[in-house]
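Descriptive structure summary
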Amino acid sequence: IYFLPNWVDLDKIRPIKSNGRNKYRRKLGISNKTIVIQYSGSMNKKQGFDFILPIIKHFNNRNNLLWLFGGEGPMKNTLIKATKNTSNIMFLPLQDEKDMNEWLNTGDIHIIPQDDSFESLLFPSKLISILASGNPVVSNANQHSELGKLVAEVGIRVNPRDKVAFINALNKLIINKNLRSSFGKKAREIACKSYNKDLILEKFDKFLRKKIL
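A short tour of the structure in this document, coming up. Because the structure is a prediction, the values reported are computed rather than measured. Every chain is numbered independently, its residues counted from 1 as its sequence is written. Totals for whole chains, interfaces and linings use all residues, but because this is a predicted model, local features are given only for residues with pLDDT of at least 70 and pairs of side-chain atoms are given and counted only at 80 or more. Side-chain measures were taken over the full set of non-hydrogen atoms in the model, leaving aside hydrogen atoms and water.

Bringing the nonpolar core into the picture now. Counting residues in hydrophobic clusters, the biggest one holds 29 residues, and the most contacted among them are Ile55, Trp67, Phe69, Ile111, Phe166 and Leu170. With near-sequence residues (within four places) excluded, Trp67 lies in contact with Ile37, Ile55, Ile56, Phe59, Asn88, Ile89, Met90, Ile111 and Leu170. Working definition of a nonpolar core: buried Ala, Val, Leu, Ile, Met, Phe, Trp, Tyr and Cys residues. They are joined through side-chain atoms within 4.5 Å. Each residue is placed in one exposure class: buried if its accessible area under a 1.4 Å probe, protein chains only, is under 20% of its type's maximum, exposed if it is over 50%, and partly exposed if it falls in between. Contacts are residue-level and defined by heavy atoms, with any inter-residue pair within 4.5 Å sufficient.

What follows is about helix H8 (residues 177–194). Every helix listed is a DSSP run of H or I at least four residues long, and every strand listed is a run of E at least two residues long, numbered separately from the N terminus. Expected span of a helix, by definition, is 1.5 Å for each gap between consecutive residues, and there is one gap fewer than residues. If you check H8, its first and last C-alpha atoms are 26 Å apart, about what 18 residues at 1.5 Å a residue would give, namely 26 Å. Those residues of H8 that sit buried are Arg180, Phe183, Gly184, Ala187, Arg188, Ile190 and Ala191. When H8 is viewed along its axis, its buried side chains cluster within an angular range of 160° and face the same direction. Exposed and oriented more than 90 degrees from the buried face of H8 are Asn178, Lys185 and Lys193. We define a polar contact as two N or O atoms separated by no more than 3.5 Å, with the added condition that, inside protein, one atom must be a possible hydrogen donor and the other a possible acceptor, whereas residues neighbouring each other in sequence contribute only through side-chain atom pairs. The N-cap of H8, judged by a side-chain oxygen 3.2 Å from the amide nitrogen of Asn178 a few residues on, is Asn176. For this quantity, the arc is that covered by the directions from the helix axis to the C-beta atoms.

Its location among the elements puts Ala169 in helix H7 (residues 163–175). For the pair Ala169 and Ser139, spaced 30 residues apart in sequence, the C-alpha to C-alpha distance is 9.2 Å. In contact with Ala169, not counting residues within four places along its chain, are Val138, Ile156 and Val158.

The subject of this paragraph is unusual backbone geometry. Despite not being glycine, Asn61 shows a phi value in the positive range, around 70°. Take Asn61: it is sitting in the loop between helix H2 (49–58) and strand E2 (65–70).

Here we take up the packing of aromatic side chains. Pairing of aromatic side chains requires ring centres within 6.5 Å, counting the rings of Phe and Tyr and the six-membered ring of Trp. Pairs whose planes differ by under 30 degrees are stacked, by over 60 edge-to-face, and all others tilted. Per the counting criterion, the structure on display carries seven aromatic pairs. Ring geometry for Tyr24 and Trp103: centres 5.2 Å apart, planes at 70°, overall edge-to-face. With Tyr24 in helix H1 (residues 23–28) and Trp103 in helix H4 (residues 100–104), the pair connects residues that are 79 residues apart, well separated along the chain. Trp103 carries the same exposure label as Tyr24, and that label is buried.

Take helix H6 (residues 146–154) next. Among the residues of H6, Leu147, Gly148, Leu150, Val151 and Val154 are the ones counted as buried. Burial along H6 is one-sided: seen end-on, the buried residues are contained in an arc of 165°. Where H6 is buried, its residues contact strand E4 (109–112), helix H5 (126–133), strand E5 (137–139), strand E6 (155–157) and H8.

Moving on, we come to the pairing of E2. In terms of residue burial, E2 counts as a mostly covered element, since six of its six residues are buried. Burial along E2 is two-sided: the residues Leu65, Trp67 and Phe69 and Leu66, Leu68 and Gly70 are all buried. Paired strands, as defined in this entry, are two strands with at least two bridges between them according to DSSP. Strand direction decides the pairing type here: strand E1 (residues 35–40) and E2, joined by six bridges, are parallel. The residue bridging Ile37 from the neighbouring strand is Trp67, located in E2. Since E1 and E2 lie parallel, the crossover through H2 that links them has a hand, and here it is right-handed. Bridging between E2 and strand E3 (residues 89–92) involves four bridges; their strand directions are parallel. Whether a crossover is right-handed comes down to one check: with the strands pointing away from the viewer, does the path from the first strand over the helix to the second run clockwise; if it does, it is right-handed.

Another point: the packing of H7 against H8. Interaxial angles span 0 to 180 degrees and are taken between N-to-C directions of axes, which are lines fitted to C-alpha atoms, for helices over the stretch in contact. Where H7 meets H8, the closest approach of the two axes is 5 Å, and the angle between their N-to-C directions is 100°. Here H7 is positioned roughly perpendicular relative to H8, judged by the angle of their axes. Residue-level inspection shows Lys172, Leu173, Ile174 and Ile175 of H7 in contact with H8, the latter providing Lys177, Leu179, Arg180 and Phe183. Gly counts as polar in this scheme, as do all residues outside two lists: the nonpolar Ala, Val, Leu, Ile, Met, Phe, Trp, Tyr, Cys and Pro, and the charged Asp, Glu, Lys and Arg. For the contact of H7 with H8, the per-class residue count stands at five nonpolar, no polar and three charged. With respect to orientation, any angle under 35 degrees is reported as roughly parallel, any angle over 145 as roughly antiparallel, any angle of 65 to 115 as roughly perpendicular, and every other angle as oblique.

Now for the pairing of E1. A regular strand carries its side chains on alternate faces of the sheet. Burial of E1 is extensive: six of the six residues sit out of reach of the surface. Residues of E1 alternate between two faces, with Ile35, Ile37 and Tyr39 on one and Val36, Gln38 and Ser40 on the opposite face, all of them buried. Sheet analysis places E1 next to E4, joined by two bridges and oriented parallel. Across the sheet, Gln38 pairs through a bridge with His110, a residue of E4.

Moving on to the side chain of Thr86. Inspection of the secondary structure puts Thr86 in the loop between helix H3 (76–82) and E3. Apart from the residues lying within four places of it in its own chain, the contact partners of Thr86 are Ile56 and Asn60.

The quantities given are spatial measurements derived from coordinates; they are silent on function.
Here it is as structure tokens:
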């Protein structure tokens, strides 16, 4: 049995300039001046929502900031109830694959919170698509994990339980568009170099031919 690494179709997932034509921003009435902090994917305990809750509350009532969560899972209702008094947060279902490029480009900053009892075992496949969309990432992944090492190149990584550092990382990206752009360009470069679907399939085909011959 052979296992292929994560890949992304770079033609389907790509950076889109924020010019007011984003489907989700139009549909949800989100101004282009609003900074969107986005979470995408499963909502389980291993995603570390207990860690992120006080951070969300810290940014409550910030009119220029919106938390946007898209996904499903057993922690979703808990998260909705815990943030019922938070003015700048929205929850959506898991989005269709055909809309994924527009969805990922809705966020200015993507977050990947982790429960530190799980994170060293996990590498979220959604990160590869985030990289391809050309957007920065903030995560509390362990610095020695595969996830932590990659996030340090395409955004800001903080220590697993350091909520203050996570808040500071978000603030740093919120106020600095050029920094967001710089990390986003690096993310896209890594996606093109290391997770390009066509290149990976080509290498895998060569590998199989050698094995057969």
